[in-house]
Amino acid sequence: THENVKSIPHLPIYCNRYETYRQMSPSHWHDHLEIIYVLEGELQVSGNENTDIFAGDGHILRKDEFYIINSSKIHSTKSDGTVKAFLIQVPYQYLDNYIEDYGHVRFRECFDGEKNTKKYERMRALLKAISRIYSKKDTGYELRLMAKMNEFLYILYTSYSHIEKNVEKESRQISRLKGVLQYVAQSYQEPITLKTAADMASLNQEYFCRMFKKCMG
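Cut-offs used in this document
Residues numbered from 1 in each chain as written. Predicted model: local features only at pLDDT ≥ 70, side-chain atom pairs only at ≥ 80, totals over all residues. Heavy atoms only, no water. Helix = DSSP H or I, 4+ residues; strand = E, 2+ residues; numbered from the N terminus. Contact = heavy atoms within 4.5 Å. Areas by Shrake-Rupley, 256 points an atom, 1.4 Å probe, with all protein chains shown as cover. Expected span 1.5 Å × (residues − 1). Buried < 20%, exposed > 50% of the residue type's maximum accessible area, 1.4 Å probe, protein only. Core = buried A, V, L, I, M, F, W, Y, C linked by side-chain atoms within 4.5 Å. Pairing = 2+ DSSP bridges. Axes fitted to C-alpha atoms, helices over the stretch in contact; angles between N-to-C directions.

1. A few points about the overall build of the chain
So, point 1. Scanning the chain from terminus to terminus reveals six helices and 10 strands.
So, point 2. Look at the contacts in the chain between residues 6 or more apart in sequence, and 80% of them connect residues 24 or more apart.
So, point 3. Entry remark: accessible area of the chain is about 12100 Å², with carbon and sulfur atoms responsible for 48%.

And the structure:
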């Protein structure tokens, strides 16, 4: 499903420290770039519609590890025990203001091969600092937080990004589903037929089923 991300007053990004116990977040997507940083425990993250997170597939994040979820990427999370994590979501428009052709930019998601490198350690230290600053919320914390955040994004963009030309096609597919998902959310108590959903997306029923499964998992 599509997730609506709420902004925080005085901050151009969304931050949240949270704790969960044996919780499953089903496949969803949003326009924001998402960063998950684990403070305690283990969190299973899936960024692939073909991954069965119920079967234990996906990437395992442990304490002090982070994972990047690109804009409009289908993803889900699952924890088998207690997990404390820090979540950051950066709006599409914020990144588009500073990164040329951002709609085609994709960032590295998993950093297992980068551990013990100076850049990885710096990014991890920045996330730890951002989490601490957000938790304390001292006077003027917004300025300190965004200074750290922008440094993190700078390293991510200059060292761990590439251009992917098929992103536009994937984004168009998800955009065609937005109206259907909004209708479902508003009319969830009413029966919705496959024909109705396919018509709203201007697709035949067979193709709509394939696209829906690919985009929503």
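2. A closer look at helix 3 (residues 141-159)
So, point 1. With 19 residues, helix 3 should reach 27 Å at 1.5 Å per residue; the first-to-last C-alpha distance of 27 Å fits that figure.
So, point 2. Three or more residues of helix 3 are buried, namely Tyr-141, Leu-145, Met-146, Met-149, Phe-152, Leu-153, Ile-155 and Leu-156.

3. Topic: the nonpolar core
So, point 1. Membership of the largest hydrophobic core comes to 35 residues, with the highest contact counts inside it found for Ile-88, Leu-145 and Phe-152.
So, point 2. If you list the elements that add at least two residues to this core, you get strand 3 (33-40), strand 6 (66-69), strand 8 (82-90), helix 1 (92-98), strand 9 (105-107), helix 2 (118-136) and helix 3.
So, point 3. The element contributing the most residues to this core is helix 3, with eight residues.
So, point 4. Setting aside residues no more than four positions away along its own chain, Leu-145 makes contact with Leu-11, Ile-13, Cys-15, Ile-130, Ile-133 and Tyr-134.

4. Things to note about the sheet that holds strand 4 (residues 43-46)
So, point 1. Sheet architecture is open: four strands sit in the order 2-7-4-5, paired in antiparallel fashion. Each of the sheet's edge strands pairs with one partner strand only, and the pair in question is strand 2 (24-28) and strand 5 (59-61). Direction aside, the axes of adjacent strands within the sheet are offset by 20° on average.
So, point 2. Direction of pairing for strand 4 relative to strand 5: antiparallel, over a ladder of three bridges. Residue Val-45 lies in a different strand from strand 5, and its bridge partner there is His-59.

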